[in-house]
There are 2 protein chains.
Amino acid sequence: MGEVKVLDLKKTILQDNDADADKLREELAKEGTFYVNVMSSPGSGKTTTIKKTLEMLSEKLRAGVVEADIDSDVDAITIQEAGFPAIQAHTGGMCHLDADMSRQALRALGTENLDLVILENVGNLVCPAEFDTGAHRNVVILSVPEGDDKPLKYPLVFETSQAVLINKIDAAPVFDFDMEQVAKYILDRNPNAKIFPVSAVTGEGMDAWCEWLYAEVKAGR
Amino acid sequence: MGEVKVLDLKKTILQDNDADADKLREELAKEGTFYVNVMSSPGSGKTTTIKKTLEMLSEKLRAGVVEADIDSDVDAITIQEAGFPAIQAHTGGMCHLDADMSRQALRALGTENLDLVILENVGNLVCPAEFDTGAHRNVVILSVPEGDDKPLKYPLVFETSQAVLINKIDAAPVFDFDMEQVAKYILDRNPNAKIFPVSAVTGEGMDAWCEWLYAEVKAGR
């Protein structure tokens, strides 16, 4: 396995995370870098989805990834081995990133030549939704094996995300997952959410998601 | 759908959670109630596994469930409809329960006539592992679709659990999950961990897990 840059994030001293997040968003917009925060449970396929997305957009966009984790560097290695710049940020036990931690990781990655940076947040449906990372868009991935009731149980992450990817649809035959029901639960909480059923492994549905993302990047820069 | 008792947990004022957890553990032991804390990601099958476990042990043990969640009461309804006492505890946005919150929920449930109480902790592999709930045993459920690398990424929950259930083994043919590899990752971090590959849906492997749990309850009371 290759080596990756690992950054131990420092604790944030700033009090007003929302103001700091707004500032980071503006800085990045000025630079021409679009920043997307991807949240999900552990094991819903964030890394695979991000890798596939970057591969599909590689002719149109220069993109990099911030991999945030409590521990381990396996995800950054995966992304780097696929040919994209990546940094592994360790949160020191914390279950989320705030705007300042986000900025530390972006600086260590280097954003000058990147049109798009995707943050793979810590695998967790609770804490990451509570902290604005300074991203231009939030995306949540829910995978079929997790069940269609998750928007009931973890409403905030679905409310704060502009796009919801329903991943692992190739496994749908094995699980009792109601796509109409989950869409209703999501849209009840967030009527503007874009919902993309996908399989990052087979590629099914990935075109629609990548088109949406590309349009957002283009509009945002 | 039926109605269940919903408890809004109050914030804890106590400073020393570890001491409070020890106290709760002793109180419950004196009463003859064994208390088990079940942790996992969202959607790994906690509720289904707990329900099946209680059904399999129903002739031997009187058992009840504390369902902890950010929001919703669907899990407590499921358990109650299966014929077991249950209470839904809402954490008010918090991603874990500490010993005092745990005690509030146990009091509201009523433990006098129960040999076993299972706490279904908030779906999260990070925060719940950091707080001693006062349980006699910790159990973590990892489901096959989440991937075999989770012990690398969320080591603490695997270190603090006496038993690890690998759930949804019926879905193994669809996923690239290495049972030997995951066992190695777990045992590297926690050499004494008992590992039970199960499917709570088909019942496969559930006997071994239920036997272990029953032996622990008997030894602990």
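These remarks concern the structure in this document. Model, not experiment: these values are computed from the prediction.

**What to know about the pattern of salt bridges**
Throughout the structure, instances matching the rule amount to 22 salt bridges over all chains. A salt bridge links R137(B) to E216(B), with the shortest nitrogen-to-oxygen separation between them at 2.5 Å. With R137(B) in strand β6 (residues 137-143) and E216(B) in helix α8 (residues 206-220), this pair connects stretches of sequence that are 79 residues apart. Overall, E216(B) belongs to the buried group, its relative accessible area being 18%. A cluster of three or more residues bridged by salt bridges with shared partners is formed by D20(A), E27(A), D100(A) and R103(A).

**Section: the environment of T133(A)**
All names here are of chain A. Here T133 shows up in the loop between β5 (116-120) and β6 (137-143). Sequence spacing of T133 and D18 is 115 residues, and the spatial spacing of their C-alpha atoms is 8.6 Å. When sequence neighbours within four positions are dropped, the list of residues in contact with T133 reads A21, L24, Y35, N37, L97, D98, A99, S102, L119 and N121.

**Side note on the side chain of T47(A)**
Along the chain, T47(A) falls in helix α2 (residues 46-56). For T47(A), a relative accessible area of 10% gives the class buried. Leave out the neighbours within four places in its chain, and T47(A) touches E67(A), D75(A), T78(A), I79(A), E120(A) and K153(B).

**A short note on the sheet that holds strand β7 (residues 163-167) of chain A**
Residue and element names in this part refer to chain A. Pairing is parallel in the open sheet, where 8 strands are placed in the order β1-β4-β3-β5-β2-β6-β7-β8. Sheet topology places β1 (6-8) and β8 (194-197) at the edges, where each strand pairs with a single neighbour. For this sheet, the mean inter-axis angle between neighbouring strands, taken without regard to orientation, is 20 degrees. The pairing of strand β2 (residues 34-40) with β5 spans 5 bridges and is parallel. Each bridged residue has a counterpart across the sheet, and for Y35 the counterpart in β5 is V117. Packed on one face of the sheet, helix α3 (residues 74-81) meets β3 (63-69), β4 (86-90) and β5 and runs near 175 degrees to β4.

Calculation notes
Residues numbered from 1 in each chain as written. Chains lettered and ligands numbered in written order. Predicted model: local features only at pLDDT ≥ 70, side-chain atom pairs only at ≥ 80, totals over all residues. Heavy atoms only, no water. Salt bridge = Lys/Arg side-chain N within 4 Å of Asp/Glu carboxyl O. Helix = DSSP H or I, 4+ residues; strand = E, 2+ residues; numbered from the N terminus. Buried < 20%, exposed > 50% of the residue type's maximum accessible area, 1.4 Å probe, protein only. Contact = heavy atoms within 4.5 Å. Pairing = 2+ DSSP bridges. Axes fitted to C-alpha atoms, helices over the stretch in contact; angles between N-to-C directions.

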